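# Structural overview
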Amino acid sequence: MRLPYPSNVKIIQVPCSGRVDILHLLRAIEDGADGVYVAGCLEGECHYISGNLKAKKRVQYVKKVLEELDLEPERVEMFNLSAGEGPRFAQIAREMVERIKGLGPSPVNA
Amino acid sequence: MSELKSGSNLEKVLKAGHFAFTGECGPPKGANVEHLKEKIAPLKGMVDAVNVTDNQTAVVRMSSWAASTIMCQEGVEPNFQMVCRDRNRLAIQSDILGVYAMGIRNMLCLSGDHQRFGNHPQSKNVYDIDSMQLIALVKQMRDEGTFMNGEAIDVPPRLFIGAASNPFADPFEFRVYRLAKKIEAGADFIQTQCIYNMEKFRQFIKRAVDMGLHEKCYILAGVTPMKSVGMATYMAKQVPGMDVPDSLIQRLRGAGKGKVAEEGIQFALEQIEEFKDMEGVAGVHLMAIEWEHRVPEIAERAGVLPRPVV
Amino acid sequence: MIVADRKPLKEILEMLKGYNRILVVGCKGCVSVCNVGGSKEVGILASILKIAGKKNGLNLKVDEKTLERQCDPEYVELLKDMVDDYDVILSMACGVGPQFLSERYPESRCLPAVNTTFFGGAVQHGVWSERCAGCGTCVIHFFDGMCPIARCSKSLLNGPCGGSADGKCEISKDVDCIWDMIVRKKMEQGRLDDLLKFMPAKDWTTARDGGPRKSVREELVQ
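This structure is a prediction, so every number in the text was calculated from the model and none was measured.

The next subject is the overall build of chain C. Each helix and strand counted, chain C has eight helices and seven strands in total. In terms of overall dimensions, chain C has C-alpha extents of about 65 × 50 × 25 Å along its principal axes. The buried share among the 222 residues of chain C stands at 36%. A separation threshold of at least 6 residues defines the contact pool for chain C, and within that pool the share at least 24 residues apart is 53%.

If you want it as structure tokens, here you go:
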């Protein structure tokens, strides 16, 4: 659809959000990402049945880890949308970037 | 049941065929002997024996054996309670000898509420033996004159052995069999958990009578007067193994402001009346915890005074 | 298997204070099966430690190694050439692991990353439940395949107690009353008489109460 979204969002494509593991999210933070988010299908509409539910739990796990490390759990997030929702995709990207701007650079980078 | 096992007042009253009436008293949360004596005083002459609880609900209080000894000194016969939660078999046997040496003659053998309920939940629990094994142990010490390991005891303790029975815990069908097992293990008398569901209790006691249990052991029915609607709803919801029928809660609600305690006592008096004539029931155990000063009045109104002197 | 839970991160970080070179060692045994100390969890913990390190301005060296087991000397031996490169060996195995590591490598600081809890099995994916207390004198055959020593809060042998309600233990609605289960099974299968038999007091000498234990297979000892 060629809708604009912020250029500081790096997209990594996976066949299903369920492919995203806890370690992927942690490594992103470790390697300096100020924020990480997972965009998966709407709940109940996962092409692979429940991959997006697994992803949701993993995101929750990483949020808890961040809290335990006195880092902001808001730096990692789960979003759900359908593959056809182009404008929603762009909106999510903007929303997350705004949120991270508000939090500032990740303390891991300091 | 021909010769006296312990010679305790409770045993003599029951053996003579009287309807027994026992009370309960919780030791203080400290070494406050004066407060304990104040609680004991109203019970004198009102009951045949008084249960002394042992760190009830796993809350630390003056030890049951110490409070029982003080009670003896005040001229009231204690029913010394011991739980299996806090002591191993060494301390248990040791304490049994100790209480007998101090003049105590009745003992109630219990498992004990888990320490998670109490005020020291981090403690290690013991449960070296269970209540059934404790009953059998006291019987062995008394009748065979030996310790658990078979060694002879230098003057065996001759205690009247009691146990608890909860007709309302689950599984209900099994409860009367557990009662039978405790009697077989050596229980001389039983005190039940406080009863509110009379219909269910009637079923339970009928089964016990059918099995002839009342001929081998004296069964005392537990009664606790409800002081308030709050107490009734708390017991209905928060206390495991307690059966409080809705009809009773409604009855208390209907009594009107300021009159609920009196209604609770009324219900208790009706129960006591029925228990006097109920086959299989040898007496009543009144648990008026922190309401000891009302016991004389309840005893009077229940028509159980004067207590028999045997 | 032996079940464990990872220690809270704050506790682990406190243990690691002052150390910069950390080897996280996993185990493919029990802790892998209960998803707390296998190679995957080692990777996760290593990443977490690096994140924590960077946040505090430390440049931590955190490496990973997962052994077949940490309770056999042959496997523990495999770390021989590595240990001197690290200040701390952080073991994700059950309580046995860090002790075996510590014995073999006394100069290294071997720390436990998990709290070992009980012997149990999976009751559903992600949930493990206690089944055995290691009392040394198994009596589950008397109780139709259920163990009251491990699964009754009071370890009663002549249960149930008066606190059993709706099939649950008095301590919590999340804990099943094993005696309720034993009684029901016996009654349903016509073995009520078993429950009327008096079970005598347990001999605890074979349990931990008797002191630390050893097991010897004479036919194997050289």
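What follows covers the interface of chain B and chain C. Taken together, the contacts link 27 residues of chain B with 27 residues of chain C. When residues of the side of chain B that touches chain C are traced back to their parent elements, those giving at least two are helix 5 (131-144) and helix 6 (172-185) of chain B. Considering every element that reaches the side of chain B that touches chain C, the biggest residue donor is helix 6 of chain B, with six residues. Among the residues making up the side of chain B that touches chain C, the classes are represented as 13 nonpolar, six polar and eight charged.

In this section: the sheet that holds strand 3 (residues 61-67) of chain C. Residues and elements named next belong to chain C. With parallel pairing, the four strands of this open sheet are ordered in space as 3-2-4-5. Sheet topology places strand 3 and strand 5 (109-112) at the edges, where each strand pairs with a single neighbour. Averaged over neighbouring strand pairs, the angle between their axes works out to 25° when direction is ignored. When strand 4 (residues 88-91) meets strand 5, the two strands line up parallel, connected through four bridges. Each bridged residue has a counterpart across the sheet, and for Val 88 the counterpart in strand 5 is Arg 109. In this fold helix 3 (residues 39-55) packs onto strand 2 (21-27) and strand 3, with an angle of close to 170° to the strand it touches most, strand 3.

Below, the discussion takes up the environment of Gly159(C). Residue and element names in this part refer to chain C. Locating Gly 159 in the fold gives a position in the loop between helix 6 (148-151) and helix 7 (178-188). Residues Gly 159 and Ile 178, spaced 19 residues apart in sequence, show a C-alpha to C-alpha distance of 9.1 Å. If sequence neighbours within four positions are ignored, Gly 159 has contacts with Pro 148, Cys 152 and Trp 179.

Before going further, it helps to examine unusual backbone geometry. Residue Pro171(B) is bonded to the preceding Asp170(B) through a cis peptide linkage, with omega at -15°. By the element assignment, Pro171(B) lies in the loop between strand 5 (160-165) and helix 6. Pro160(C) follows Gly159(C) through a cis peptide bond whose omega is -5°. A positive phi angle is found at Thr57(B), which is not glycine, with a value near 50°. For Thr57(B), the position within the fold is in the loop between strand 2 (49-52) and helix 3 (64-73). Here Thr57(B) falls in the partly exposed class, since 15 other C-beta atoms lie within 10 Å of it.

The next point concerns the domain arrangement of chain C. Entries for chain C in the domain assignment read domain 1 (2-117) and domain 2 (133-203). Relative placement of domain 1 of chain C and domain 2 of chain C: their C-alpha centres are 38 Å apart.

To continue, consider the arrangement of the chains. Among two pairs of chains with at least one contact, chains B and C form the most extensive contact set. Spatially, chain A is disjoint from chain B: no contact exists, and the shortest C-alpha separation is 25 Å.

This paragraph deals with the interface of chain A and chain C. Contact with chain A, which involves 12 residues of that partner, is made by 12 residues of chain C. In terms of residue count, helix 1 (residues 22-30) of chain A provides more of the side of chain A that touches chain C than any other element does, six residues in total. For the side of chain A that touches chain C, a count of residues per class yields nine nonpolar, no polar and three charged.

Reading guide: rules and limits
- Residues numbered from 1 in each chain as written.
- Chains lettered and ligands numbered in written order.
- Predicted model: local features only at pLDDT ≥ 70, side-chain atom pairs only at ≥ 80, totals over all residues.
- Helix = DSSP H or I, 4+ residues; strand = E, 2+ residues; numbered from the N terminus.
- Buried ≥ 20, exposed ≤ 12 C-beta atoms within 10 Å, placed from the backbone.
- Contact = placed C-beta atoms within 7 Å.
- Nonpolar A, V, L, I, M, F, W, Y, C, P; charged D, E, K, R; others polar.
- Pairing = 2+ DSSP bridges.
- Axes fitted to C-alpha atoms, helices over the stretch in contact; angles between N-to-C directions.
- Domains from an automatic or database assignment.

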